[in-house]
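# Inside the fold
If you want the building blocks of each chain, they are given just below.
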Amino acid sequence: MKRPAFFSLRLSLLLELTFSGLQLPGIAAGPALARPLPTTLNPAQPQALSGRRADTPLSTSDLMIQRPYQAPDGRTLVPPVIGLPGAQIYREAFTLGAESAILGGIPTDLGFTAPEALSIVGRPYGNYNAGCTLCVFSTPDNLHQGGAQAALSGIDFRMGAFAVAHGDAAVAGFYQYDELSQARVTARATRFTATTVSLARPMTAAEMALLHQGMYLATNVVDPHLPPRNWQGLPNENAYWGFIRSWTPTSITVYGWAVLGAGNAAGGQVPDPAHLDTLKSSAAVPLVFAGVPAKIFSKNTYVSMDADRIYGPHPTARANAYEREELDFRPRNFTRPHSMSFHGWTTSYECDHCTPEASTDESYAYLVNGPGLKRAYVAQLYSDGLEFSGYNTWLPGNGAPRVQGDNHILFDFASDLPTRNTLHFGAKVFKDAAPGTSWTNWDVRLGLNIDGQRSDRMQGGVDMVQLAWNYQNTPDTLCLLSAGNVPGLCQDSQANAVFHGRARFQDTVDFTGTRPTNFANGLTLHAVPDGSGLLGGQGTTLQWNDYGSQTRTSLVNIDPSGKQGGFTFYDINADSSGTPADLLLSLSKRDGLRTTQPAHFSALEAVRLSTGPITAPGSAAGPAFPAFPRSRLPASTPPTPLQDGQHARCTDCTLNGRTGVDVVWNAASARWTDMMNNPLH
């Protein structure tokens, strides 16, 4: 391949340069020169180095590489494009680190910067750093230590079979390693001022060589007025911090002290060594930590997108769409089932030797913070794919079962029990009918399954009660299915309730509709034992028409408030004014058989009528009740109070249009009533 005309570059063990059009300020063979970079970075005439030996090392305090550049005005210039300038460039561009190398962005006195791009072409072939085209490490380690060695099948290959058996032979186009590195200098503090900290022992020359202007300087001295923990219980960084300005062996000067993010930006703050951090640090003396971070980002992307550049009066840009990151994975010719594996984003979180509660409740692996964003997550899969899967949550795609009796999971939530069972609660689509020619051939069920296995369908396990919509090809219906497939109670499309099994009511059942309730095969009511084995009631109906105060119709059980067994029969009453229905017949344990209508008996034993005693064949006459007008009915007064259930005859009371009513004393209400506990009229 033809070599570019403007330069030729080869690297040997040290450095070989055969570069036409290259300026290397202050280059010398031997010890480094302490020659500062010029304050103004002027383009210079190229200096040819084609005569240098390949094994001759280069040593310089600053290195600027330039190349020809065609400027917009047509001139051919030689601007700097790569810089290894040492501390000089940092003094001119303070946002750069003092340990930075520079590719592009170097300004000239002509007011422009030559653009520069970097292309790295590699071919990873082995483990460790041989397995990555670009390996980036944030660590104080060197190449012989673990922090600067890529964890790609990271076992010494010279161990042979052991390295193979414990590796995965992986490579990476880009590998990154970050660590919580220790402070460059940790020193005990003796005194603080508004801009300085005095040290208990002098720093060595090696320690001072690690410091730079603008370096973080943390302390373990806290502001006692700030909370030590946040709302999640995480220890706050409520200690004082500063940026290093300068130093001597016995002190470090900062631009000012403050607490990170605390909002107090006032100058003159002085850390008080009497208040030390006890949550993060166990040190009992004040300390300073040079070069430590308070937070670590592995990657932090900031995108600026100004609409004025697109839609403003003087447009200079066109792009109005942004993609955070795109991965185009294009496999080909995999014709065998399950012959390939693909993993997208993977977050592996393992906290070694940690308590299970080490992380705060708000810790997460993925966060979308986007007020106004329409969608936080979009999954576009084939119908049998999983849009989301977790130990608890299971969300398959939008498929449907094709075979009668099969199902497709809409969503499922799981709970692993200490009994080694798994409860599954979720919704499924079931294929009810074979044809599949109408949407009514599928139903949707919501309910509980025990110990099933999830894929895009629920397999096995035991179904508990399910709610089923459109069950068995019947649209607009809702059914309760026992054991997952046996209908019990259903509501049809006309809002009718259909019992496919027995109906048991543990409490009052109210029929409040205006239409009659029909029982095609009659109505049979049975008393059933309660929890103690006793019969809980008489197994009869209570049919109350409670319109108004006294309106009762049809067959009713004796009023429960009277605590007496028996039945009463009333005349039909359709009166909307609430007038009492006529009493026809009463049979009670306390009062016997009573009727207001003529009685016809084929055989008569002992009968008492309200008009007086009648002697039946072979029987004795029964005594009549004592008679009183209503105003003269006896009162219950000591020392001879009336007894509950005591009878009398009210000669001027009326009932069902007749004058003269048998009455009874009701001790609970302390009044005389008719035989049905109704007030007297």
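The notes below deal with the structure included here. (Residues numbered from 1 in each chain as written. Predicted model: local features only at pLDDT ≥ 70, side-chain atom pairs only at ≥ 80, totals over all residues. Heavy atoms only, no water.)

## A closer look at the overall build of the chain
Along the backbone of the chain there are four helices and 37 strands. Looking at the chain as a whole, 27% of its 681 residues qualify as buried. A fraction of 43% describes how many contacts in the chain between residues 6 or more apart in sequence connect residues 24 or more apart. (Helix = DSSP H or I, 4+ residues; strand = E, 2+ residues; numbered from the N terminus. Buried < 20%, exposed > 50% of the residue type's maximum accessible area, 1.4 Å probe, protein only. Contact = heavy atoms within 4.5 Å.)

## Notes on the sheet that holds strand β26 (residues 486–491)
One open sheet holds the nine strands; their spatial order is β17-β18-β19-β20-β21-β24-β25-β26-β27, and the pairing between them is antiparallel. Across the chains shown, the open sheet's two edge strands, defined by having one partner strand only, are β17 (386–389) and β27 (497–499). On average, adjacent strands in this sheet sit at an angle of 15 degrees to one another, irrespective of strand direction. Bridge count between β17 and strand β18 (residues 393–396): three bridges; the pairing is antiparallel. Counterpart to F388 in the pairing with β18 is L395. (Pairing = 2+ DSSP bridges. Axes fitted to C-alpha atoms, helices over the stretch in contact; angles between N-to-C directions.)

## Some details on the packing of aromatic side chains
Aromatic rings considered in pairs are described by the distance between their centres and by the relative angle of their planes. In total, this model carries seven aromatic pairs according to the counting rule given. Seen in terms of ring centroids, F137 and Y175 are 5.9 Å apart; in terms of plane orientation they differ by 50 degrees. Their pairing is tilted. Taken together, the residues span a long stretch of sequence, with F137 in strand β8 (residues 132–138) and Y175 in strand β9 (residues 172–178) at a distance of 38 residues. According to the relative accessible area criterion, Y175 is buried, its value standing at 13%. Between W665 and W672, the ring centres sit 5.5 Å apart and the planes meet at 65 degrees, which makes this aromatic pair edge-to-face. Look at W665 and you get buried, because its relative accessible area is 9%. Residue placement shows K431 over the ring face of W442; its charged tip is 5.0 Å from the ring centre. A cation over a ring is seen here: R445 above F430, with NZ or CZ 3.9 Å from the ring centre. (Phe/Tyr/Trp six-rings, centres within 6.5 Å; stacked < 30°, edge-to-face > 60°. Lys NZ or Arg CZ within 6 Å of the ring centre and 35° of its normal.)

## Concerning the sheet that holds strand β6 (residues 80–84)
Pairing in this open sheet of three strands is antiparallel, and the strands run β3-β6-β7 from one edge to the other. With partners counted over all chains shown, the strands left at the sheet margins are β3 (63–66) and β7 (102–103), one partner each.

## What to know about the pattern of salt bridges
Inspection of every chain in the model, using the stated rule, returns 13 salt bridges. One salt bridge in this structure joins E99 and R184, with 2.7 Å as the shortest N-O distance. Of this pair, E99 sits in the loop between α1 (87–92) and β7 while R184 sits in the loop between β9 and β10 (185–192), and the two are 85 residues apart along the sequence. Of the charged contacts, one joins R454 and D412 as a salt bridge, the two residues approaching to 2.9 Å between their closest N and O atoms. Separated by 42 residues along the polypeptide, R454 in strand β22 (residues 453–454) and D412 in strand β19 (residues 407–416) bring together distant segments of the chain. Overall, R454 belongs to the buried group, its relative accessible area being 17%. (Salt bridge = Lys/Arg side-chain N within 4 Å of Asp/Glu carboxyl O.)

## Considerations on a nonpolar patch on the surface
Residues I82, L103, L118, I120, L134, V136 and F174 make up a contiguous nonpolar surface patch of about 580 Å² in total accessible area. Assignment of secondary structure puts L103 in strand β7. (Patch = residues over 30% accessible without salt bridge, like charges linked within 9 Å, V, L, I, M, F, W, Y side chains within 5 Å. Areas by Shrake-Rupley, 256 points an atom, 1.4 Å probe, with all protein chains shown as cover.)

## Here's the deal with the nonpolar core
Core analysis: the biggest nonpolar cluster contains 21 residues, and V197, L217 and V288 have the highest contact counts within it. For this core, the elements supplying multiple residues, two or more each, are β10, β11 (196–199), β12 (216–222), β13 (239–248), β14 (251–254) and β16 (287–290). Per element, the largest residue contribution to this core is four residues, and it comes from β10. Leaving out residues up to four positions away in the same chain, V197 has contacts with A189, R191, F192, L217, T250, S251, I252, W257 and V288. (Core = buried A, V, L, I, M, F, W, Y, C linked by side-chain atoms within 4.5 Å.)

## Some points on the environment of L210
The residue L210 is located in the loop between α3 (205–208) and β12 in this model. Classification of L210 as partly exposed rests on a relative accessible area of 36%. If sequence neighbours within four positions are ignored, L210 has contacts with R184 and M215.

## A word on the state of the cysteines
For the structure shown, the criterion picks out four disulfides. Between C132 and C135 runs a disulfide, and the two sulfur atoms are separated by 1.6 Å. Taking the torsion about the sulfur-sulfur bond, which here is approximately 95 degrees, the covalent link between C132 and C135 counts as right-handed. For C132, a relative accessible area of 9% puts it in the buried group. (Disulfide = S-S within 2.5 Å.)

## Quick look at the environment of M464
Relative to the helices and strands, M464 is located in strand β24 (residues 462–469). Assessed through its relative accessible area of 33%, M464 is described here as partly exposed. Along the primary structure M464 and I450 are separated by 14 residues, whereas in three dimensions their C-alpha atoms are 7.7 Å apart.

Purely geometric numbers; function is a separate question.
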